[in-house]
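Analysis of the macromolecular model
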Amino acid sequence: MAVSPSRRRFDDYRATVQERHRQGGAGSASSTHAPHHGHSDVDGSRAARSQKKIGDRTRSFFELFSAFWQLIQGHRGPIIAALGLLSVGIAIRLIPPLGTKLAIDSVLTVPARPLPEWLVAVPGVTSILGDPAVSPMRTLVAIALVVTVLTAVGTMINLLGRWLATKSVNKAQVSIRRRVFEHSMRLPLHHVYAMKSGGVASLIREDAGGVADLIFSMLYNPWRAIVQFCGSLVILMFVDWKLMVGGLILLPVVWVTHRTYINRIRPLFRDVRKQRQRIDSGATETFGGIRVVRTFSRSRTESSRYVREGDFLVRQQLFTWWWMRIIETIWEVVIPLASTGLLLYGGYQIIHGQLTLGDLMMFLVYLTMLLDPLATLAGSAVTFQNNLAGLDRILDVLEVDEELPSREGAARLSSQTQGGAISIRGVSFHYPASETPVLQDVSIEIAAGQTVALVGRSGAGKTTLTNLIARFYDPTAGEIHYNGVDLRDIELSSYRALLGIVEQDVFLFDGTIHENIAYARPKANRPDVIAAASAAAADEFILKMELGYDTVIGERGVKLSGGQRQRLAIARAILADPQILILDEATSNLDSQSERLIQSSLSDLLQDRTAVVIAHRLSTIAGADLIVVLEDGRVLETGTHAELLARGGHYQDMVNLQMNQSTSDASPPTVN
Ligand SMILES: Nc1ncnc2c1ncn2[C@@H]1O[C@H](COP(=O)(O)OP(=O)(O)O)[C@@H](O)[C@H]1O
Ligand SMILES: [Mg+2]
């Protein structure tokens, strides 16, 4: 068999990584330019299509650090306290090796040396240790006791510090996740669509979770390493400064391995995380569309796609594994070599009487204390880079401005704002992801309280126009005014609070029927909900259900029929009582009987509020104050039902078509 597809894709990926590295050098700027011909190759054609994607650059360590420091605002106090406790704990634990030296030199060596002068100078020491020349055993026991007590105290303090740090990690995790969650909800829609629902979940769970771990891998562990390193270095300096220089030689080694390899590893981790996000979003999508998957017997294809993507992830991870092991292996070699070298040198000094045996023993203990944190650092460098990559991706999301920022000094509308006139002036629009114009030079005046019907073929741009009125997008040219004020000068949330939208595709949350109807007004009581449901001709089927209004309807309302979902959505709108109402094929899933049932409540609903209605049924359209016929994003005709009929244009053709059909068939004609 030929090379497997994921193998080929992986080879491409490796070539990309090399290319990216060649371009960026080992520096932190690597892959600043690469994504356009780097990442997107890896991502495959689908992702390449949406041009400006989230996550096109890699940040420098300094940028990441300061961003991280911002993110953990509110947890800094406990973290700093943890670092303080850690320092004290380490300082205390640096003392015991001294006991080893004292025991060997002043008690066990024959003839015993006197206690060092500087130690005897410390008040109280002689009374605790006694005189080793008189009673060596008493001194030995005293040393053992002091060492034990110090170790215990140091350990307790370290434990306390660690506990504080762990608590902060968990709290920071929650707050960072919340921040990413809230920000993602306010992102411009096309960004949200590009991330996909499963992808967002992956980002929030994996990446945001990992960011909090940076408290350990970026602050706690390095701080421990630094304090322990400096502490043992200072002590070593007193013992033998030449030995200390030997320890210092290791520093550049740390630096070099860091710069050379670490900067290569982070982009790899980013890629792995990105791939995982792809897999998660793919799986979410598959299960979201499980009916389609089954209907077209695509289960095998979907599984094999999952397997293929997973396969690629495995290859990427194994590839990263090698890079990780390189660093660790270097350390596994460097540290024993360094100890051996220093042992040689120390032994030489002892033989020549320059150093005591106690000194060397103590030195070796301190040497482990010196190297240990470095080794830990090197080991955790990998996790560290992995978490940094997560931070990088989080920042990509957080950096995207929230949805359509309003202009400086935007006005807040009060929820009592009455009578909204909407004026659409020379609006043109294309979606952010494509250049194809969807609306061109559309102008419509909707007086306060009027109902406007949008008519036109599928793809004419009707939904798009309502998207602009709801300000899910801003027009690319022209303006939309509400009560004479440009929408961009109105605070978005206060404007949206006036809006009610019922779409053909009803979205329901997994919850009870009551909760779904009361979504816009969570405080509504049961009688209000029942009234709204009756007006939408929904109470009949609701009462037939076992638990009535407390029936749980499953994710996206899977346990309801299309028409039932639509009636719930209409009830939701009736209860919300919005100032501006958008009905986008809101009754398309209803049979003629149900539609007739809610017709009068719909006309009540449309009464006295500004409404934009997209519908097929002539009866709904004919009652509108203004009818706008759209085609290919342009306004063809506007006028009332009578005016347009009299004109004898497109509208009349459409009406005739529907008349003919309705004589033979009561179902709505499929204009759309
Ligand atoms: N999110 C989107 N991104 C890019 N193009 C879109 C998007 N939504 C709709 N379009 C395009 O805009 C055009 C108008 O769509 P739409 O307003 O939904 O039509 P209608 O509601 O009249 O059937 C269509 O050609 C469609 O392909
Ligand atoms: Mg539409």
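The protein chain carries the name Putative multidrug export ATP-binding/permease protein in an unreviewed UniProt entry, which gives Allorhodopirellula solitaria as its organism. Here is the UniProt Subcellular location (unreviewed entry) comment for the protein chain, exactly as written: "Cell membrane".

1. With respect to the overall build of the protein chain
Assigned secondary structure in the protein chain consists of 26 helices and ten strands. Counting across all 672 residues of the protein chain, residues that qualify as buried make up 36%. Sequence separation of 24 or more characterises 78% of the internal contacts of the protein chain that already satisfy a separation of 6 or more.

2. Some words on the UniProt feature "transmembrane region" (unreviewed entry) in the protein chain
Under the UniProt annotation, the feature "transmembrane region" (unreviewed entry) is placed at residues 77–95, 141–161, 226–256, 330–351 and 363–384. As annotated, residues 141–161 has a helix share of 100% and a strand share of 0%, and its two end C-alpha atoms lie 30 Å apart. Structurally, residues 330–351 is divided into 100% helix and 0% strand, and its ends, taken at the C-alpha atoms, are 32 Å apart.

3. Observations regarding the packing of helix α6 (residues 96–108) against helix α9 (residues 136–185)
In the contact formed by α6 and α9, the axes pass within 9 Å of each other and the chain directions differ by 175 degrees. If you check the angle between α6 and α9, you find them roughly antiparallel. Contact with α6, carried on its side by Pro-96, Gly-99, Leu-102, Ala-103 and Val-107, involves Pro-136, Thr-139, Leu-140, Ile-143, Val-146, Val-147, Leu-150 and Thr-151 of α9 and no other residues of that element. For the contact of α6 with α9, the class distribution of residues is ten nonpolar, three polar and no charged.

4. Let's talk about α9
Compared with an ideal rise of 1.5 Å per residue, which puts 50 residues at 74 Å, α9 spans 73 Å between its outermost C-alpha atoms and is within 8% of the ideal. Those residues of α9 that fall on the buried side of the exposure criterion are Thr-139, Ile-143, Ile-157, Gly-161, Leu-164, Ala-165, Ser-168, Val-169, Ala-172, Ile-176, Val-180 and Ser-184.

5. As for unusual backbone geometry
Phi is positive for Ser-297, which is not a glycine, with a value near 45 degrees. With respect to the secondary-structure elements, Ser-297 resides in the loop between α14 (290–295) and α15 (299–351). A positive phi is found at Asp-577, a non-glycine position, where the angle reads about 50 degrees. Counting through the fold element by element, Asp-577 comes out in the loop between α22 (562–576) and β7 (580–584). When the 14 C-beta atoms within 10 Å are taken as the criterion, Asp-577 is described as partly exposed.

6. Quick look at the nonpolar core
With 74 residues, the main nonpolar core has Val-452, Ala-536, Ala-571, Ile-627 and Val-628 as its most contacted residues. The leading source of residues in this core is α22, at eight residues. Here this core gathers at least three residues from each of two domains, domain 2 (417–498 + 580–672) and domain 3 (503–577). Among all residues touching Ile-627, those that are not within four sequence positions of it are Ala-453, Val-455, Ile-621, Thr-638, Gly-639, Thr-640, His-641, Leu-644 and Tyr-651. Membership of the second largest hydrophobic core comes to 72 residues, among which are Ala-82, Ile-157, Val-180 and Ala-389.

7. Side note on helix α23 (residues 592–606)
Because the α-helix completes a turn every 3.6 residues, residues three or four places apart line up on one side. Here α23 spans 19 Å end to end across 15 residues, near enough to the 21 Å set by a 1.5 Å rise per residue. Residues of α23 that are buried include every one of Ser-594, Glu-595, Ile-598, Leu-602, Leu-605 and Leu-606, and no others. Trailing α23 by a residue or two, Asp-608 shows a phi angle of about 60 degrees, which is positive.

8. Things to note about the packing of α9 against helix α11 (residues 197–239)
For the pair α9 and α11, interaxial distance at closest approach is 9 Å and the crossing angle is 145 degrees. Helix-helix and strand crossings are classified by hand; for α9 and α11 the assignment is right-handed. Residues Ala-165, Ser-168, Val-169, Ala-172, Gln-173, Ile-176, Arg-177, Val-180, Phe-181 and Ser-184 of α9 lie in contact with α11, whose contacting residues are Val-200, Leu-203, Ile-204, Ala-208, Gly-209, Val-211, Ala-212, Asp-213, Ile-215, Phe-216 and Tyr-220. Among the residues forming the contact of α9 with α11, the class breakdown is 15 nonpolar, four polar and two charged.

9. Details of the sheet that holds β7
Backbone hydrogen bonds are what pair the strands of a sheet, in a parallel or an antiparallel way. With mixed pairing, the six strands of this open sheet are ordered in space as β6-β7-β8-β3-β9-β10. One side of each edge strand has no neighbouring strand; the edge strands of this open sheet are β6 (499–503) and β10 (634–639). Taking the axes of each pair of neighbouring strands and ignoring which way they run, one obtains an average angle of 15 degrees across the sheet. Here strand β3 (residues 451–455) runs beside strand β8 (residues 610–614); their pairing, made up of four bridges, is parallel. Opposite Ala-453, over in β8, you have Val-613 as the bridge partner. Helix α17 (residues 462–469) rests against β3, β7, β8 and β9 (626–631) of the sheet, and its axis sits at about 160 degrees to β7.

10. So, the environment of Ser-168
Summarising the element assignment, Ser-168 is placed in helix α9. A tally of 25 C-beta atoms within 10 Å means that Ser-168 is categorised as buried. A sequence separation of 44 residues divides Ser-168 from Ala-212, and the C-alpha atoms of the two residues are 8.3 Å apart. Excluding residues that lie within four positions of it along the chain, Ser-168 makes contacts with His-75, Pro-78, Ile-79 and Ile-215.

11. Concerning the sheet that holds strand β2 (residues 439–446)
Strand order across the open sheet formed by four strands is β2-β1-β4-β5, with antiparallel pairing between neighbours. Of all strands in the sheet, those bounded by a partner on one side alone are β2 and β5 (485–486). Taken strand by strand, α17 contacts β1 (422–429), β2 and β4 (477–482), and its axis lies near 120 degrees from that of β1.

12. Concerning the confidence of the model for the protein chain
Chain-level pLDDT for the protein chain is 81 on average; 89% of the residues reach the 70-or-more range. Every residue in residues 25–54 is under pLDDT 50, and counting partners more than four places away or in other chains gives 52 contacts. Note that pLDDT drops below 50 for residues 664–672; the model gives that stretch 14 contacts with residues more than four away or on any other chain.

Reading guide: rules and limits
Here, residues in each chain are numbered from 1, in the same order as that chain's written sequence. Naming scheme: in the order in which they are written, chains are lettered from A and ligands are numbered from 1. For a predicted model such as this one, the threshold for reporting local features is a pLDDT of at least 70, and the threshold for listing and counting side-chain atom pairs is 80 or more; totals across whole chains, interfaces and linings nevertheless cover every residue. UniProt positions are given in the numbering used here, feature names are shortened, and annotations may be inferred rather than shown by experiment. Elements are defined by DSSP. Helices are runs of H or I of four residues or more, strands are runs of E of two residues or more, and each kind is numbered from the N terminus. Here a residue counts as buried when 20 or more other C-beta atoms sit within 10 Å of its C-beta, as exposed when there are 12 or fewer, and as partly exposed otherwise, the C-beta atoms being derived from the backbone. This entry defines residue contacts through backbone-placed C-beta atoms, with two residues in contact when those atoms are within 7 Å. Each axis is a line fitted through C-alpha atoms, taken for helices only over the stretch in contact, and angles between the N-to-C directions span 0 to 180 degrees. Here the angle decides the label: under 35 degrees means roughly parallel, over 145 means roughly antiparallel, 65 to 115 means roughly perpendicular, and every other value means oblique. Polar here means any residue outside two lists: the nonpolar Ala, Val, Leu, Ile, Met, Phe, Trp, Tyr, Cys and Pro, and the charged Asp, Glu, Lys and Arg; Gly therefore counts as polar. A helix is expected to span 1.5 Å multiplied by its residue count minus one. Think of a nonpolar core as buried Ala, Val, Leu, Ile, Met, Phe, Trp, Tyr and Cys residues chained together by C-beta atoms that fall within 7 Å. Boundaries of every domain are those given by an automatic assignment or by a domain database. Note on convention: the crossing is left-handed when the near helix lies turned anticlockwise from the far helix by less than a right angle, right-handed when the turn is clockwise. Two strands make a pair as long as DSSP finds a minimum of two bridges between them. Residue-level confidence of the predictor is summarised by pLDDT, bounded by 0 at the bottom and 100 at the top.

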